[in-house]
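Structure at a glance
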Amino acid sequence: MIELKHVTKEFSGGKKAVDDISCTINDGEIVGFIGPNGAGKTTTIKMITGVLNPNEGEILINGINIVKEPLKAKMEFGLVPDQADIFLRLKGIEYLNFIADMYEIDGAIRKQRIHDLAETFEMSTALNDRILSYSHGMRQKIVIMAVLICDPRVWILDEPMTGLDPQSSFRLKEKMREHANRGNTVFFSTHVLEVAEKLCDKVAIINHGKIVFFGTLEECKAMHPNSATLEELFLEVVGNA
């Protein structure tokens, strides 16, 4: 579960990138986070994951305050950032083991998960190569694999399908649904509205730092009966906001 309670982030000059937002992403849900460029999506994700501290409000990960108990809270989630250019001099297998060490994953369990996920994402032959040599899509895969190997209860994914081939994208969406069906939490940002429409239990639409809608697509359609697709709903909600 992720809880945001009246969260605000203000940068120099008085600009509020995130302005008094509140929402709860429950266990067993996939929630899509959508909004125009510069709306506050990445700033919100950076606050949820402890990269930035809010100026006001409270953020809880499975009941743990990310500001007051950052290490304990970070053990509850796995993050796929919007940029996968990290630890480039490590080999793929070294990176996976490094992340698994931080999450204290048993050796036998991690070995089996690495084997299975390397097959799933067609990375078996690349694990002994340095991440520096990987394509953008391969770097995205290795970061996703690290989250899945550790299997934390909360997944926070910032544009996770970017750079993935269609087969890998399909398999990731399967993993996201399986994770939520086991009673866990998936929160992901995306610009691909068709993905959000097909995959999400709920969507949160942010514009100018404010949550302008949070709920199911059915609830949103009831509020905007002239819009048939998520794309049309998004344009109407953002336009009205």
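Coordinates for the structure precede this section.
The following paragraphs examine the structure supplied in this document. (Residues numbered from 1 in each chain as written. Predicted model: local features only at pLDDT ≥ 70, side-chain atom pairs only at ≥ 80, totals over all residues. Heavy atoms only, no water.)

1. Quick look at the side chain of glutamate 29
Within the element layout of this structure, glutamate 29 appears in the loop between strand S2 (16–25) and strand S3 (30–34). Among the residues examined, glutamate 29 registers a relative accessible area of 12% and is labelled buried. If sequence neighbours within four positions are ignored, glutamate 29 has contacts with Thr24, Ala180, Asn184, Thr185, Val186, Asp201 and Lys202. (Helix = DSSP H or I, 4+ residues; strand = E, 2+ residues; numbered from the N terminus. Buried < 20%, exposed > 50% of the residue type's maximum accessible area, 1.4 Å probe, protein only. Contact = heavy atoms within 4.5 Å.)

2. A closer look at the sheet that holds strand S8 (residues 185–189)
In spatial order, the strands read S6-S7-S8-S3-S9-S10; together these six strands make up an open sheet with mixed pairing. In the strand order of this sheet, the two ends are held by strand S6 (77–80) and strand S10 (210–215), each with one partner. Each adjacent strand pair in this sheet contributes to an overall mean axis angle of 15°, direction not counted. The pairing of strand S9 (residues 202–207) with S10 spans five bridges and is antiparallel. Looking at the pairing, valine 203 lines up with glycine 215 of S10. Along the sheet, helix H5 (residues 136–150) contacts S6 and strand S7 (154–158); its crossing angle with S6, the most-contacted strand, is approximately 175°. (Pairing = 2+ DSSP bridges. Axes fitted to C-alpha atoms, helices over the stretch in contact; angles between N-to-C directions.)

3. Re the packing of helix H3 (residues 92–102) against H5
Viewed as axis vectors pointing N to C, H3 and H5 meet at an angle of 35°, and their least axial separation amounts to 9 Å. In this structure, H3 crosses over H5, and the sense of that crossing is right-handed. Residues Gly92, Tyr95, Leu96, Ile99 and Ala100 of H3 pack against Ile142, Val143, Met145, Ala146, Ile149 and Cys150 of H5. Broken down by class, the residue content of the contact of H3 with H5 amounts to 10 nonpolar, one polar and no charged. (Left-handed = near helix turned anticlockwise from the far one by under 90°. Nonpolar A, V, L, I, M, F, W, Y, C, P; charged D, E, K, R; others polar.)

4. Thoughts on the nonpolar core
Residues Leu96, Ile142, Met145 and Met176 are the most contacted members of the largest nonpolar core, which totals 52 residues. Among the elements that take part in this core, H5 stands out by supplying nine residues, more than any other. The residues touching isoleucine 142, leaving out its near neighbours within four places in the chain, are Gly92, Tyr95, Leu96, Met123, Leu127, Ile131 and Tyr134. Counting 24 residues, the second-largest nonpolar core is a separate cluster that includes Phe33, Ile59, Val154 and Ile206. (Core = buried A, V, L, I, M, F, W, Y, C linked by side-chain atoms within 4.5 Å.)

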